[in-house]
Amino acid sequence: MAKRPSLGHQFHQALESKKCIGQSRHEAKIKGVASKGIYSYKTYDAYKNSSKQFAKWIKSEFPEVKYLDQINKDMCKKYIKFREQSGYSAYTYSQDMAMISKILDISLTKKECDVATRKLNNITKNRTYNGYRTSSEAIETILRGTGLRREELVNLKVKNLLIKDNKVTGVLVKKGAKGGKFRQVQVLKGYQECIYKLVEGLQGDSKVISEQIPKKLQAHRYRAEYAQNMYKELIELGRKDPAQDLTESMGHNRKSVLVHYGVK
């Protein structure tokens, strides 16, 4: 008889079965199956760490549980409440809830778990400026002008830039995008010439930046700065729905997400 795998290993197997890295989350959304998969290494690693903690807790609190299908909703609710009482942030146990939903197909709400919601004024990661800058500030210039995510900039090539009259007016995001969704990004007018000078003379297949983006660099902060400035620019241009245009440029589906970038 085959040895029963540990609970931790069962979580690992379940995660592996959900892995869809390299596939398009956007196409999966159209087919209505996006919720069944994991489309980025970042999400996979986050769920992996979260599931390890959950498996240890289940083993300690419910030693009789030997298989994933023995874990019920009440156990999950108790775990989320335990995480809050242990001092974990709403961001962390929201991630735990997402992991549980993905692996066990058990949907939870903060209300039924009796835990605090994740409020914007409690989110501090990447919002408090740490003062770090690169020596050339080339990366910061591109991030301020385009609002790209870290992975999007790392994979960006010169041939993906829309260039006119010695200005970079737009960016075609084809690789590194969240969910694999292609989009076109409008570059802020004040940065179009600056970015052109940074890539002038580079070949089409060359990457826009050759250096690594330091972990200490707060890329999301520059993304928020871009969102606020681009929103003002779109209004000045007389766009019919500047919020919707900005939402699409940022790579999101819902306008309500803009509040996270300080756009009201």
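Quantities reported herein were computed from a predicted structural model and do not represent experimental measurements.

Visitor: In this structure, what is going on with helix 10 (residues 219-236)? I would like to understand it.
Guide: For an α-helix, the turn length of 3.6 residues means that residues three or four places apart are oriented alike. An ideal rise of 1.5 Å per residue puts 26 Å on 18 residues; helix 10 measures up with 26 Å between its terminal C-alpha atoms. Listed in full, the buried residues belonging to helix 10 are Ala 219, Tyr 222, Arg 223, Ala 224, Tyr 226, Ala 227, Met 230, Glu 233 and Leu 234. Next to the buried residues of helix 10 lie helix 7 (138-146), helix 8 (150-155), strand 3 (183-186) and helix 11 (242-250). Following helix 10 by one or two positions, Gly 238 has its phi on the positive side, about 80°.

Visitor: Before we go on, may I ask you to explain the environment of Asn 166 in this structure?
Guide: Counting through the fold element by element, Asn 166 comes out in the loop between strand 1 (161-164) and strand 2 (167-173). We classify Asn 166 as partly exposed; its relative accessible area is 49%. Residues Asn 166 and Lys 36 lie 130 residues apart in sequence; the distance between their C-alpha atoms is 45 Å. Every residue in contact with Asn 166, bar those within four places of it in the chain, is listed here: Glu 193 and Tyr 196. At 3.1 Å, the side chain of Asn 166 and the side chain of Tyr 196 are in polar contact.

Visitor: What exactly am I supposed to notice about the packing of helix 7 against helix 9 (residues 192-199) here?
Guide: Packed helices, taken two at a time, are described by the angle between their axes plus the distance between the axes. Axis separation between helix 7 and helix 9 bottoms out at 10 Å; the angle between their running directions is 140°. Compared by their axis directions, helix 7 and helix 9 come out oblique. Where helix 7 crosses over helix 9, the two elements pack in a sense that is left-handed. Two secondary-structure elements touch here, helix 7 through Ala 138, Thr 141, Ile 142, Gly 145 and Thr 146 and helix 9 through Cys 194, Ile 195 and Leu 198. For the contact of helix 7 with helix 9, the class distribution of residues is five nonpolar, three polar and no charged.

Visitor: What is the right way to read the pattern of salt bridges from this model?
Guide: On inspection of all chains with the given rule, the structure shows 14 salt bridges. With a closest N to O distance of 3.8 Å, Lys 77 and Asp 74 form a salt bridge. Linking Lys 77 with Asp 74, this pair stays in helix 4 (residues 73-85), spanning three residues, or about one helical turn. Arg 83 is paired through a salt bridge with Asp 96; the nearest N and O atoms lie 2.7 Å apart. Note that Arg 83 is positioned in helix 4 and Asp 96 in helix 5 (residues 90-104), a separation of 13 residues in sequence. Across the pair, exposure class does not vary: Arg 83 and Asp 96 are buried alike. Here the salt bridges do not stand alone but share partners, grouping Lys 81, Glu 84 and Asp 114 into one network.

Parameters at a glance
Residues numbered from 1 in each chain as written. Predicted model: local features only at pLDDT ≥ 70, side-chain atom pairs only at ≥ 80, totals over all residues. Heavy atoms only, no water. Helix = DSSP H or I, 4+ residues; strand = E, 2+ residues; numbered from the N terminus. Expected span 1.5 Å × (residues − 1). Buried < 20%, exposed > 50% of the residue type's maximum accessible area, 1.4 Å probe, protein only. Contact = heavy atoms within 4.5 Å. Polar contact = N/O pair within 3.5 Å; in protein donor to acceptor, adjacent residues only side chain to side chain. Axes fitted to C-alpha atoms, helices over the stretch in contact; angles between N-to-C directions. Parallel < 35°, antiparallel > 145°, perpendicular 65-115°, else oblique. Left-handed = near helix turned anticlockwise from the far one by under 90°. Nonpolar A, V, L, I, M, F, W, Y, C, P; charged D, E, K, R; others polar. Salt bridge = Lys/Arg side-chain N within 4 Å of Asp/Glu carboxyl O.

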